[in-house]
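This is what each chain is made of:
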Amino acid sequence: MKRLAMILIWTGYGLVGLIAAAGRLVASSSRLDVGEVMGSVLVLGSAGVLAECALLAGSAIGTFVVVTRRPVRRVGLVLTLLAGWIGLAILGWLLWGFWT
């Protein structure tokens, strides 16, 4: 379960990196029509929601493991969980502004 939590958290961050790269690519395009802009908004926003879900699931599973199993409390896992919860809060705030 510890490994699953870490995989989910870093997969969420990987998705965030891909979203940033794709957003940069779309923004640098010289000619965009309305369909391309709407399509990219929907795809990038949906990918953001998937990243948010991965961060939430990984952080929740990891926190459960840390609370219930004493021997797995390692610095790397705790720092990864901290990064997961911080990323969850920041990405959630950004997505709230994006979708509303």
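Scroll up a little and you will see the structure.
Residues numbered from 1 in each chain as written. Predicted model: local features only at pLDDT ≥ 70, side-chain atom pairs only at ≥ 80, totals over all residues. Heavy atoms only, no water.

S.K.: Outline the packing of helix 1 (residues 2–27) against helix 2 (residues 34–68), listing residues and values.
M.R.: At a closest axis distance of 7 Å, the pairing of helix 1 and helix 2 adopts a crossing angle of 160°. Classed by the angle they form, the pair helix 1 and helix 2 counts as roughly antiparallel. Crossing of helix 1 against helix 2: the hand is left-handed. (Axes fitted to C-alpha atoms, helices over the stretch in contact; angles between N-to-C directions. Helix = DSSP H or I, 4+ residues; strand = E, 2+ residues; numbered from the N terminus. Parallel < 35°, antiparallel > 145°, perpendicular 65-115°, else oblique. Left-handed = near helix turned anticlockwise from the far one by under 90°.)

S.K.: So what about the nonpolar core? Which residues, and what values?
M.R.: Ranked by size, the top nonpolar core spans nine residues in total: Ile9, Ala51, Leu55, Val66, Leu77, Leu81, Leu88, Leu91 and Leu95. Only helix 2 and helix 3 (75–99) provide two or more residues apiece to this core. No other element matches the five residues that helix 3 contributes to this core. Those residues in contact with alanine 51 that sit more than four places away from it in its chain are Gly12, Leu15, Val16 and Leu91. (Core = buried A, V, L, I, M, F, W, Y, C linked by side-chain atoms within 4.5 Å. Buried < 20%, exposed > 50% of the residue type's maximum accessible area, 1.4 Å probe, protein only. Contact = heavy atoms within 4.5 Å.)

S.K.: I'd love a proper account of the packing of helix 2 against helix 3, names of residues and values included.
M.R.: In the contact formed by helix 2 and helix 3, the axes pass within 9 Å of each other and the chain directions differ by 150°. Crossing hand, helix 2 versus helix 3: left-handed.

S.K.: Residue-level account of the environment of leucine 91, with values.
M.R.: Looking at the element boundaries, leucine 91 is found in helix 3. For leucine 91 and glutamate 52, which are 39 residues apart along the polypeptide, the C-alpha to C-alpha distance reads 6.6 Å. The residues touching leucine 91, leaving out its near neighbours within four places in the chain, are Val16, Gly48, Ala51, Glu52 and Leu55.

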